[in-house]
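Observations on chain architecture
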Amino acid sequence: MEAITLILDPATAAFYRELARRAGVSLEQALADALFKLAGELSLHALHRAGGTDPVPG
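**Description of the overall build of the protein chain**
In terms of regular secondary structure, the protein chain is built from two helices and zero strands. Out of the 58 residues in the protein chain, the part that is buried amounts to 10%. Summed over all atoms, the accessible surface of the protein chain reaches about 5100 Å², with 64% contributed by carbon and sulfur.

Next up, the structure:
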């Protein structure tokens, strides 16, 4: 894996630090999970705009 350095403002860092603590995971894992989820959501919306299926069925 490649190491990446992120610079977060204090409020964002505190939010994800608390989220990680409550989830019982590391701060790095909480940030990785959040970025992975965002990437998936953006991909679904891009597919929808390109004429694919509805990203949120139902």
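Past the structure itself, the notes keep going.
**Observations concerning the pattern of salt bridges**
Within this structure, the stated rule accounts for three salt bridges. Ionic pairing is found between glutamate 18 and arginine 22, a salt bridge with its closest N-O pair at 2.7 Å. In this pair, glutamate 18 and arginine 22 are both assigned in helix α1 (residues 10–23), four residues apart and thus about one turn of the helix distant. A salt bridge links glutamate 41 to lysine 37; the shortest N-O distance between them is 2.7 Å.

Conventions and cut-offs
Residues numbered from 1 in each chain as written. Predicted model: local features only at pLDDT ≥ 70, side-chain atom pairs only at ≥ 80, totals over all residues. Heavy atoms only, no water. Helix = DSSP H or I, 4+ residues; strand = E, 2+ residues; numbered from the N terminus. Buried < 20%, exposed > 50% of the residue type's maximum accessible area, 1.4 Å probe, protein only. Areas by Shrake-Rupley, 256 points an atom, 1.4 Å probe, with all protein chains shown as cover. Salt bridge = Lys/Arg side-chain N within 4 Å of Asp/Glu carboxyl O.

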